Amino acid sequence: MENCSEDYRIQSFDVDTQKLLKTALKDPSSVNLEKVSNILVDQSLKDPLFSKEAGRICYTIVQAEAKQNNGTVFRRHLLNRLQQEFKEREETRKRSLQAWVCYVTFICNIFDYLKVNNMPMVALVLPVYDCLMRLAQPDALLNEEEVDCLVLQLHRIGEQLEKVNSQRMDELFFLLRDGFLLQEGLTSMARLLLLEVLEFRAGGWMLSSTAHKYYYSEIAD
(Lines give C-alpha, C1' and ligand atoms only; values in the text may rest on other atoms or scores of the structure.)
Protein backbone atom coordinates (compact mmCIF):
# COMPACT_ATOMS: atom_id res chain seq x y z
CA MET A 1 0.00 0.00 0.00
CA GLU A 2 2.10 2.91 -1.27
CA ASN A 3 0.97 6.37 -0.24
CA CYS A 4 2.78 9.64 -0.50
CA SER A 5 3.17 11.55 2.74
CA GLU A 6 0.78 14.26 1.55
CA ASP A 7 -2.05 11.71 1.61
CA TYR A 8 -1.54 11.45 5.33
CA ARG A 9 -1.27 15.16 6.20
CA ILE A 10 2.10 14.61 7.88
CA GLN A 11 3.75 17.57 6.19
CA SER A 12 2.64 19.76 9.13
CA PHE A 13 5.17 17.99 11.39
CA ASP A 14 8.82 19.02 11.76
CA VAL A 15 11.33 17.33 9.47
CA ASP A 16 12.55 14.74 12.01
CA THR A 17 9.00 13.71 12.93
CA GLN A 18 8.03 13.44 9.26
CA LYS A 19 11.03 11.16 8.72
CA LEU A 20 10.06 9.02 11.74
CA LEU A 21 6.45 8.65 10.52
CA LYS A 22 7.47 7.86 6.94
CA THR A 23 9.79 5.14 8.25
CA ALA A 24 7.05 3.77 10.54
CA LEU A 25 4.71 3.47 7.55
CA LYS A 26 7.21 1.29 5.65
CA ASP A 27 9.57 -0.27 8.20
CA PRO A 28 7.84 -0.14 11.61
CA SER A 29 10.22 -2.50 13.44
CA SER A 30 13.09 -0.05 12.92
CA VAL A 31 11.52 2.79 14.95
CA ASN A 32 10.22 3.43 18.47
CA LEU A 33 6.54 2.58 18.01
CA GLU A 34 5.49 3.91 21.41
CA LYS A 35 6.87 7.31 20.39
CA VAL A 36 5.06 7.06 17.05
CA SER A 37 1.72 6.26 18.73
CA ASN A 38 2.13 9.19 21.14
CA ILE A 39 2.92 11.59 18.29
CA LEU A 40 -0.19 10.48 16.39
CA VAL A 41 -2.50 10.75 19.41
CA ASP A 42 -1.06 14.12 20.51
CA GLN A 43 -1.53 15.58 17.03
CA SER A 44 -5.04 14.12 16.76
CA LEU A 45 -6.11 15.90 19.94
CA LYS A 46 -4.87 19.24 18.58
CA ASP A 47 -5.83 19.09 14.92
CA PRO A 48 -9.45 18.31 13.91
CA LEU A 49 -8.49 17.49 10.31
CA PHE A 50 -5.67 15.18 11.40
CA SER A 51 -7.97 13.36 13.86
CA LYS A 52 -10.09 12.34 10.85
CA GLU A 53 -7.05 11.11 8.89
CA ALA A 54 -5.06 9.42 11.63
CA GLY A 55 -6.95 6.13 11.43
CA ARG A 56 -5.50 5.51 7.95
CA ILE A 57 -1.97 6.11 9.20
CA CYS A 58 -2.49 3.76 12.15
CA TYR A 59 -4.04 1.14 9.88
CA THR A 60 -1.06 1.29 7.51
CA ILE A 61 1.47 0.93 10.36
CA VAL A 62 -0.50 -1.99 11.89
CA GLN A 63 -0.62 -3.72 8.48
CA ALA A 64 3.06 -3.09 7.81
CA GLU A 65 4.07 -4.45 11.22
CA ALA A 66 1.90 -7.56 10.84
CA LYS A 67 3.40 -8.21 7.40
CA GLN A 68 6.95 -7.60 8.61
CA ASN A 69 7.06 -9.82 11.69
CA ASN A 70 3.47 -10.57 12.68
CA GLY A 71 3.92 -7.92 15.37
CA THR A 72 1.30 -6.00 17.35
CA VAL A 73 3.58 -3.60 19.25
CA PHE A 74 2.19 -0.45 17.66
CA ARG A 75 -1.42 -1.53 18.19
CA ARG A 76 -0.73 -2.29 21.86
CA HIS A 77 0.84 1.13 22.48
CA LEU A 78 -1.97 2.85 20.58
CA LEU A 79 -4.70 1.10 22.59
CA ASN A 80 -2.90 1.86 25.87
CA ARG A 81 -2.74 5.54 25.01
CA LEU A 82 -6.40 5.60 23.89
CA GLN A 83 -7.36 3.98 27.20
CA GLN A 84 -5.35 6.55 29.14
CA GLU A 85 -7.06 9.43 27.29
CA PHE A 86 -10.43 7.72 27.77
CA LYS A 87 -9.97 7.76 31.55
CA GLU A 88 -9.30 11.51 31.40
CA ARG A 89 -12.13 12.33 28.99
CA GLU A 90 -14.16 14.50 31.41
CA GLU A 91 -11.10 16.57 32.30
CA THR A 92 -10.30 16.90 28.59
CA ARG A 93 -13.85 18.08 27.85
CA LYS A 94 -13.71 20.68 30.63
CA ARG A 95 -10.30 21.89 29.48
CA SER A 96 -10.96 22.02 25.74
CA LEU A 97 -14.11 21.16 23.85
CA GLN A 98 -12.07 20.89 20.64
CA ALA A 99 -9.63 18.37 22.16
CA TRP A 100 -12.59 16.28 23.41
CA VAL A 101 -14.32 16.31 20.02
CA CYS A 102 -10.99 15.45 18.36
CA TYR A 103 -10.54 12.50 20.76
CA VAL A 104 -14.01 11.12 19.95
CA THR A 105 -13.33 11.55 16.22
CA PHE A 106 -9.99 9.78 16.57
CA ILE A 107 -11.20 6.78 18.63
CA CYS A 108 -14.14 6.31 16.22
CA ASN A 109 -11.72 6.54 13.31
CA ILE A 110 -9.54 3.83 14.88
CA PHE A 111 -12.63 1.69 15.53
CA ASP A 112 -13.54 2.03 11.85
CA TYR A 113 -10.09 1.19 10.47
CA LEU A 114 -8.54 -1.35 12.84
CA LYS A 115 -10.15 -4.76 12.61
CA VAL A 116 -9.25 -8.20 13.94
CA ASN A 117 -10.30 -10.94 11.52
CA ASN A 118 -12.50 -8.36 9.76
CA MET A 119 -14.39 -7.68 13.00
CA PRO A 120 -14.32 -4.49 15.09
CA MET A 121 -11.88 -4.59 18.01
CA VAL A 122 -13.82 -5.70 21.10
CA ALA A 123 -11.63 -3.52 23.35
CA LEU A 124 -12.93 -0.38 21.60
CA VAL A 125 -16.68 -1.11 21.52
CA LEU A 126 -17.61 0.04 25.04
CA PRO A 127 -15.28 3.08 25.15
CA VAL A 128 -16.67 4.26 21.79
CA TYR A 129 -20.23 3.80 23.05
CA ASP A 130 -19.39 5.64 26.29
CA CYS A 131 -18.01 8.58 24.30
CA LEU A 132 -21.12 8.74 22.10
CA MET A 133 -23.40 8.44 25.16
CA ARG A 134 -21.55 11.40 26.69
CA LEU A 135 -22.21 13.43 23.54
CA ALA A 136 -25.91 12.61 23.91
CA GLN A 137 -26.20 14.06 27.44
CA PRO A 138 -28.29 17.24 27.86
CA ASP A 139 -25.31 19.57 28.45
CA ALA A 140 -23.53 18.26 25.31
CA LEU A 141 -26.64 18.57 23.14
CA LEU A 142 -26.51 22.33 23.79
CA ASN A 143 -23.15 22.48 21.97
CA GLU A 144 -23.51 22.29 18.19
CA GLU A 145 -19.90 21.14 17.90
CA GLU A 146 -20.64 18.06 20.02
CA VAL A 147 -23.93 17.31 18.25
CA ASP A 148 -22.19 17.59 14.89
CA CYS A 149 -19.43 15.23 16.05
CA LEU A 150 -21.99 12.70 17.36
CA VAL A 151 -23.97 12.69 14.12
CA LEU A 152 -20.83 12.38 11.96
CA GLN A 153 -19.60 9.39 13.98
CA LEU A 154 -22.98 7.66 13.82
CA HIS A 155 -23.00 8.11 10.05
CA ARG A 156 -19.56 6.58 9.90
CA ILE A 157 -19.72 3.68 12.37
CA GLY A 158 -23.31 3.49 13.67
CA GLU A 159 -24.23 0.41 11.69
CA GLN A 160 -21.03 -1.43 12.71
CA LEU A 161 -21.59 -0.52 16.37
CA GLU A 162 -25.20 -1.69 16.33
CA LYS A 163 -24.12 -5.09 14.97
CA VAL A 164 -21.79 -5.67 17.92
CA ASN A 165 -24.08 -4.25 20.64
CA SER A 166 -27.63 -3.31 19.63
CA GLN A 167 -28.80 -2.78 23.24
CA ARG A 168 -26.35 0.12 23.77
CA MET A 169 -27.43 1.61 20.45
CA ASP A 170 -31.06 1.49 21.60
CA GLU A 171 -30.04 3.27 24.84
CA LEU A 172 -28.15 5.91 22.87
CA PHE A 173 -31.12 6.58 20.59
CA PHE A 174 -33.53 6.81 23.56
CA LEU A 175 -31.31 9.67 24.77
CA LEU A 176 -31.26 11.28 21.33
CA ARG A 177 -35.03 11.00 20.91
CA ASP A 178 -35.64 12.48 24.38
CA GLY A 179 -33.13 15.22 23.62
CA PHE A 180 -34.87 16.05 20.36
CA LEU A 181 -38.38 16.06 21.89
CA LEU A 182 -37.81 17.41 25.38
CA GLN A 183 -34.58 19.38 25.57
CA GLU A 184 -34.90 23.12 25.91
CA GLY A 185 -32.34 25.48 24.43
CA LEU A 186 -31.35 23.36 21.41
CA THR A 187 -30.28 25.40 18.39
CA SER A 188 -32.28 24.89 15.20
CA MET A 189 -29.18 23.29 13.63
CA ALA A 190 -28.76 20.82 16.53
CA ARG A 191 -32.45 19.93 16.29
CA LEU A 192 -32.14 19.38 12.53
CA LEU A 193 -29.03 17.18 12.98
CA LEU A 194 -30.76 15.08 15.64
CA LEU A 195 -33.86 14.61 13.51
CA GLU A 196 -31.68 13.61 10.56
CA VAL A 197 -29.78 10.95 12.56
CA LEU A 198 -33.01 9.57 14.08
CA GLU A 199 -34.39 9.18 10.56
CA PHE A 200 -31.06 7.80 9.31
CA ARG A 201 -31.13 4.90 11.79
CA ALA A 202 -34.88 4.32 11.36
CA GLY A 203 -34.21 3.86 7.63
CA GLY A 204 -31.66 1.09 8.32
CA TRP A 205 -28.68 3.48 8.41
CA MET A 206 -29.70 5.05 5.14
CA LEU A 207 -31.54 8.20 4.08
CA SER A 208 -33.98 8.24 1.20
CA SER A 209 -32.91 10.57 -1.60
CA THR A 210 -35.81 12.89 -0.70
CA ALA A 211 -34.77 13.05 2.96
CA HIS A 212 -31.13 13.54 1.96
CA LYS A 213 -32.10 16.43 -0.29
CA TYR A 214 -34.23 17.98 2.45
CA TYR A 215 -31.67 17.80 5.26
CA TYR A 216 -28.66 18.80 3.24
CA SER A 217 -30.40 21.73 1.55
CA GLU A 218 -31.46 22.89 5.04
CA ILE A 219 -27.91 22.51 6.38
CA ALA A 220 -26.48 24.36 3.38
CA ASP A 221 -28.93 27.22 3.98
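Residues numbered from 1 in each chain as written. Predicted model: local features only at pLDDT ≥ 70, side-chain atom pairs only at ≥ 80, totals over all residues. Heavy atoms only, no water.

## A closer look at helix α9 (residues 144–164)
Move 1: Spanning 21 residues, α9 covers 28 Å between terminal C-alpha atoms, matching the ideal 30 Å at 1.5 Å per step.
Move 2: Of all the bends in α9, the largest measures some 65° and sits at I157.
Move 3: Considered for burial, the residues of α9 that qualify are E146, V147, C149, L150, V151, Q153, L154, I157, G158 and L161. (Helix = DSSP H or I, 4+ residues; strand = E, 2+ residues; numbered from the N terminus. Expected span 1.5 Å × (residues − 1). Bend = angle between axes of the 7 residues up to and from the residue. Buried < 20%, exposed > 50% of the residue type's maximum accessible area, 1.4 Å probe, protein only.)

## Focus on the environment of D112
Move 1: Relative to the helices and strands, D112 is located in helix α6 (residues 97–113).
Move 2: When the C-alpha positions of D112 and R56 are compared, they lie 9.6 Å apart, and in sequence the two are 56 residues distant.
Move 3: Contact partners of D112, with chain neighbours within four places excluded, come to R156, I157 and Q160.
Move 4: Side-chain polar atoms of D112 contact the side chain of Q160, separated by 2.8 Å. (Contact = heavy atoms within 4.5 Å. Polar contact = N/O pair within 3.5 Å; in protein donor to acceptor, adjacent residues only side chain to side chain.)

## Overview of the domain arrangement of the protein
Move 1: Partitioning the protein into domains gives domain 1 (8–86) and domain 2 (117–220).
Move 2: Each of domain 1 and domain 2 was reduced to a C-alpha centroid, and the two centroids are 28 Å apart.
Move 3: Buried surface at the junction of domain 1 and domain 2, both sides included, amounts to about 400 Å², of which 86% is carbon and sulfur.
Move 4: Interface area lost by domain 1 to domain 2 is led by K52, L79 and F86, which between them contribute 82%.
Move 5: Between the two partners, domain 1 and domain 2, sit 0 salt bridges. (Domains from an automatic or database assignment. Buried area = accessible area lost by both parts, 1.4 Å probe. Salt bridge = Lys/Arg side-chain N within 4 Å of Asp/Glu carboxyl O.)

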